[in-house]
Amino acid sequence: MEKWKSFTKEEIKDFLKKSKTKKQFAEFLGYVKISSKTWDKLKIAYPEINFDIFKTGYVDLTGKKFGKLTVIERDYSNKKATMWLCLCDCGTKKDYKWI
């Protein structure tokens, strides 16, 4: 039996919130590191949990509101910076760089 199966879905979500890196998350689960195969199994077992935060290195801002701006989606057209398409309360759409 794999180590992660001994944890509840709530515990795994809590470990993800507390983890700053993929390695730290692995340590919470009792691993030295997590293989790609184990990541795939975790994603299948818990499809409602977003495990991609460690693989992509960014936080999903979709739907978040910052003042008058609401984040619509990530813009993948810029390869040098993480850009987000935002909608202003006035109706204007514009890309913003996440720092």
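Above this text sits the structure in question.
Read on for an overview of the structure. Note that this is a predicted model, so its numbers are computed, not measured. (Residues numbered from 1 in each chain as written. Predicted model: local features only at pLDDT ≥ 70, side-chain atom pairs only at ≥ 80, totals over all residues. Heavy atoms only, no water.)

**Digging into the pattern of salt bridges**
The following threshold applies: A side-chain nitrogen of Lys or Arg and a carboxyl oxygen of Asp or Glu constitute a salt bridge if their distance falls within 4 Å. In DSSP terms, a helix is any run of H or I states spanning at least four residues, a strand is any run of E spanning at least two, and both are numbered starting from the N terminus. Only protein chains enter the accessibility calculation, which uses a 1.4 Å probe; a residue is then buried when its area is under 20% of its type maximum, exposed when over 50%, and partly exposed in between.
Per the stated rule, a full pass over the model turns up two salt bridges. Residue aspartate 14 is joined to lysine 18 by a salt bridge in which the shortest nitrogen-to-oxygen separation is 3.1 Å. Of this pair, aspartate 14 and lysine 18 both sit in helix α1 (residues 9–18), separated by four residues, roughly a single helical turn. On the basis of relative accessibility, which here comes to 47%, the residue lysine 18 falls in the partly exposed class. For the salt bridge of lysine 65 with aspartate 89, the shortest nitrogen-to-oxygen distance reads 2.8 Å. Placement of the pair is lysine 65 in strand β1 (residues 65–66) and aspartate 89 in the loop between β3 (83–88) and β4 (93–97), with a sequence separation of 24 residues. The class for aspartate 89 is exposed, based on a relative accessible area of 53%.

**Quick word on the packing of α1 against helix α2 (residues 22–29)**
For clarity, the cut-off: Axes, fitted as lines to C-alpha atoms, cover a helix only where it is in contact. Angles between the N-to-C directions of the axes lie from 0 to 180 degrees. Helix crossings are classified by the rotation of the near helix relative to the far one: an anticlockwise turn of less than a right angle makes the crossing left-handed, while a clockwise turn makes it right-handed. The contact rule is simple, with two residues in contact once any of their heavy atoms fall within 4.5 Å. Note that Gly is not counted as nonpolar here; it falls among the polar residues with everything else outside the nonpolar set of Ala, Val, Leu, Ile, Met, Phe, Trp, Tyr, Cys and Pro and the charged set of Asp, Glu, Lys and Arg.
The interhelical angle for the contact between α1 and α2, taken along N-to-C directions, is 145°, at an axis separation of 9 Å. Relative to α2, α1 is oriented so that their crossing is right-handed. Facing Ile12, Phe15, Leu16 and Lys18 of α1, the residues of α2 in contact are Gln24, Phe25, Phe28 and Leu29. Of the residues belonging to the contact of α1 with α2, the class tally is six nonpolar, one polar and one charged.

**Observations concerning the packing of aromatic side chains**
Test applied: Stacked, edge-to-face and tilted labels apply to pairs of Phe, Tyr and Trp rings (six-membered ring for Trp) whose centres lie within 6.5 Å, assigned for plane angles under 30 degrees, over 60, and everything in between, in that order.
Going through the model one piece at a time under the given rule, you end up with two aromatic pairs. Ring geometry for phenylalanine 15 against phenylalanine 28: centres 5.3 Å apart, planes inclined by 0°, an arrangement best described as stacked. Placement of the pair is phenylalanine 15 in helix α1 and phenylalanine 28 in helix α2, with a sequence separation of 13 residues. Three or more aromatic residues joined by ring pairs form one cluster here, namely Phe7, Phe15 and Phe28.

**What about the state of the cysteines?**
Just so we agree on the cut-off: Note on terminology: disulfide denotes any pair of cysteine sulfur atoms within 2.5 Å.
One pass over the full model with this rule turns up zero disulfides. Cysteine cysteine 90 shares no disulfide, and the gap to the nearest cysteine sulfur, in cysteine 88, comes to 3.4 Å.

**Thoughts on the nonpolar core**
Applied cut-off: To define a nonpolar core, start from buried Ala, Val, Leu, Ile, Met, Phe, Trp, Tyr and Cys residues and group those joined through side-chain atoms within 4.5 Å.
Ile12, Phe25, Leu29, Ile34, Leu42, Tyr46 and Phe51 are the most contacted members of the largest nonpolar core, which has 15 residues in total. Of all the secondary structure elements, the ones that give two or more residues to this core are α1, α2 and α3 (36–45). For phenylalanine 51, the residues in contact, after removing those within four places along its chain, are Ile12, Leu16, Phe25, Trp39, Leu42, Lys43 and Tyr46.

**Topic: the pairing of strand β2 (residues 69–75)**
We count it as follows: Here, strands pair whenever DSSP counts at least two bridges between them.
For β1 and β2, the ladder comprises two bridges, and the chain directions are antiparallel. When the bridges of β2 are listed, lysine 65 appears paired with threonine 70. With antiparallel pairing between neighbouring strands as the criterion, β1 and β2 make up a hairpin whose turn holds two residues, including glycine 67 at a positive phi of roughly 65°. Judged from the six bridges that link them, β2 and β3 form a sheet pairing that is antiparallel. Within β3, the position partnered with glutamate 73 by the bridge is leucine 85.

These values are about where atoms sit, not about what they do.
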